[in-house]
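Reading the structure
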Amino acid sequence: MTATATPTGRDTTRTTSRNAAVAGLLQRQGAAVVLVLGAVVAWLSFPHFGSADNLRDLALQSSFLAIIALGMTFVIISGGIDLSVGSVYALGGVLAAYGSQYGTIVAIVLPLAVCSLIGLVNGLLIARTGMAPFIVTLATLLFARGLLLAITGEGADTYRVEGGSPFLQLGQGKLLGIGVPVYLALVLFGLGSVLLRRTAFGHSVFAIGGAEQSALLMGLPVARTKIKLYVLSAALASFAGVLTAAYLRSGVTVIGVGTELDAISVVVIGGTLLVGGAGTIAGTLVGVLLRTLIQNVINQIGTLDANYQTVVSGAFLLVVVVIQRLLARTRG
């Protein structure tokens, strides 16, 4: 008679722990794996993809959205959302172009000050009154866009940056053949990573996103942290607008429409949970690069309409969210 081995409780626990670890790794690093595989396939399929000029263009294109997504990462990890960043981004660009006639300092400080004030209003309403971030930031989305239209005469007036202005170096300058915005984005991501992982502020962000009531009981400054988060998000969105104005040599009024959705999508694709409590700065950077890769591959194909970029991005985001749910259940 043959004895049949049955798994012990220890073996079951070990298997469950291993599955949870694998699920956590896939959640954090899955986008990076897809990015590497996608880049290799694109490199082998399209000769122009791997050219230095194309890679430099991809990096520059990614830098503006990356800066906006950086602020969105902090907000989403805290369990919030910021729908106003697209309008704030456009407003920042217009204010920068307007302020450039008074010098580079004004061109930078004016949009940062105005847009940070909008972020402060977002934070105060969300933290002090308990209003839903979705509603508050939707209102300031409309406010910022309305202010933009008022400043530009319903979009009829375009403020231009004078040729030869030092301000243009922020957007058009190059170092070692790579655009200045790329370096600025990388510096901001480095600082953001330190802020999120190595400071009390960053630990509070994770705690609030994981369990806000527990964070309150622990004595963490929940309200103050939320206010800082939305100021940070608005400031980064406006700074991206500043760089865009310097790059385009004008304050373009039609940019930023739907940018808030792009920022949210790359943050989620990078592994940050929409429910809050988990996420990484590096993951967001991977999400931005993956989105840019998809767009570039569609352009390389040439036979597909540009609208397919939105279709593919939306479908990819839906798949990522579903996978995140499944992985979260496995980890749980």
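Residues numbered from 1 in each chain as written. Predicted model: local features only at pLDDT ≥ 70, side-chain atom pairs only at ≥ 80, totals over all residues. Heavy atoms only, no water.

1. Topic: the overall build of the chain
Assigned secondary structure in the chain consists of 13 helices and two strands. Burial statistics for the chain: of 332 residues in total, 45% are counted as buried. Across the chain, contacts joining residues at least 24 apart in sequence account for 76% of those joining residues at least 6 apart. For the chain, the accessible surface area stands at approximately 16300 Å², while carbon and sulfur atoms represent 66% of it. (Helix = DSSP H or I, 4+ residues; strand = E, 2+ residues; numbered from the N terminus. Buried < 20%, exposed > 50% of the residue type's maximum accessible area, 1.4 Å probe, protein only. Contact = heavy atoms within 4.5 Å. Areas by Shrake-Rupley, 256 points an atom, 1.4 Å probe, with all protein chains shown as cover.)

2. Focus: the packing of helix α2 (residues 52–77) against helix α11 (residues 259–269)
Running from N to C, α2 and α11 point in directions that differ by 65 degrees, and their axes come no closer than 9 Å. As far as their axial angle goes, α11 and α2 are roughly perpendicular. The chirality of how α2 crosses α11 is right-handed. In contact with Leu65, Ile68, Ala69, Met72, Thr73 and Ile76 of α2, α11 contributes Thr259, Glu260, Asp262, Ala263, Ile264, Val266 and Val267. (Axes fitted to C-alpha atoms, helices over the stretch in contact; angles between N-to-C directions. Parallel < 35°, antiparallel > 145°, perpendicular 65-115°, else oblique. Left-handed = near helix turned anticlockwise from the far one by under 90°.)

3. Structural notes on the nonpolar core
For soluble globular proteins, the rule of thumb is that nonpolar side chains tend to be buried together. In terms of nonpolar packing, the biggest core is built from 63 residues, with Ile67 and Phe167 touching the most fellow members. With 13 residues, the top contributor of residues to this core is α2. For Ile67, the contacting residues outside a window of four places in its chain are Ala185, Leu188, Phe189, Leu236, Phe239, Ala240 and Leu243. Formed by 10 residues, the second largest nonpolar core is a distinct cluster that contains Phe46, Phe49, Leu58 and Ile269. (Core = buried A, V, L, I, M, F, W, Y, C linked by side-chain atoms within 4.5 Å.)

4. Details of the UniProt feature "transmembrane region" (unreviewed entry) in the chain
In this structure's numbering, the residues bearing the UniProt feature "transmembrane region" (unreviewed entry) are residues 29–46, 58–81, 101–127, 134–153, 173–196, 229–248, 268–294 and 306–327. Segment residues 101–127 splits into 89% helix and 0% strand. End C-alpha atoms: 37 Å apart. Across residues 268–294 one finds 59% helix and 0% strand; the C-alpha atoms that close the span lie 16 Å apart. (UniProt positions renumbered as here; feature names shortened; annotations may be inferred.)

5. Here's the deal with the packing of aromatic side chains
Per the stated rule, a full pass over the model turns up five aromatic pairs. Ring centres 5.2 Å apart and planes at 70 degrees place the aromatic pair Tyr98 and Tyr159 in the edge-to-face group. Of the two residues, Tyr98 is situated in helix α3 (residues 85–99) and Tyr159 in the loop between α5 (133–151) and α6 (169–172); the sequence distance between them amounts to 61 residues. According to the relative accessible area criterion, Tyr98 is partly exposed, its value standing at 31%. Looking at Tyr159, the relative accessible area reads 23%, which means it is partly exposed. (Phe/Tyr/Trp six-rings, centres within 6.5 Å; stacked < 30°, edge-to-face > 60°.)

6. Thoughts on the pattern of salt bridges
Close approach of charged atoms allows side chains of opposite charge to pair. For the coordinates displayed, the defined rule picks out three salt bridges. Put simply, Asp53 and Arg56 hold a salt bridge, and the shortest N to O gap is 2.4 Å. Of this pair, Asp53 and Arg56 are both found in helix α2, three residues apart, which corresponds to roughly one turn of the helix. By relative accessible area, which is 47% here, Asp53 ends up partly exposed. The salt bridge partner of Lys226 is Glu212, with a shortest N-O separation of 3.0 Å. Residue Lys226 is located in helix α10 (residues 222–248), and its partner Glu212 is located in helix α9 (residues 212–217); the two are separated by 14 residues in the primary sequence. Since its relative accessible area comes to 30%, Glu212 is described here as partly exposed. (Salt bridge = Lys/Arg side-chain N within 4 Å of Asp/Glu carboxyl O.)

7. Re the side chain of Asn296
Tracing the sequence through the fold places Asn296 in helix α12 (residues 281–301). We classify Asn296 as buried; its relative accessible area is 9%. Looking at Asn296, its side chain comes within polar contact range of the side chain of Asn54, at 3.3 Å. Each residue touching Asn296, except ones within four places of it in the same chain, is listed here: Phe49, Asn54 and Leu58. (Polar contact = N/O pair within 3.5 Å; in protein donor to acceptor, adjacent residues only side chain to side chain.)

8. Some points on α5
Its 19 residues place the ends of α5 26 Å apart at the C-alpha level, agreeing with the 27 Å of an ideal helix rising 1.5 Å per residue. Those residues of α5 lying buried are Val136, Thr137, Thr140, Leu141, Ala144, Arg145 and Leu148. The arc that holds the buried residues of α5, viewed along the axis, is 165 degrees, so those residues lie on one side. The exposed set on the far side of α5, more than 90 degrees from its buried face, consists of Leu142 and Ala150. (Expected span 1.5 Å × (residues − 1). Arc of directions from axis to C-beta.)

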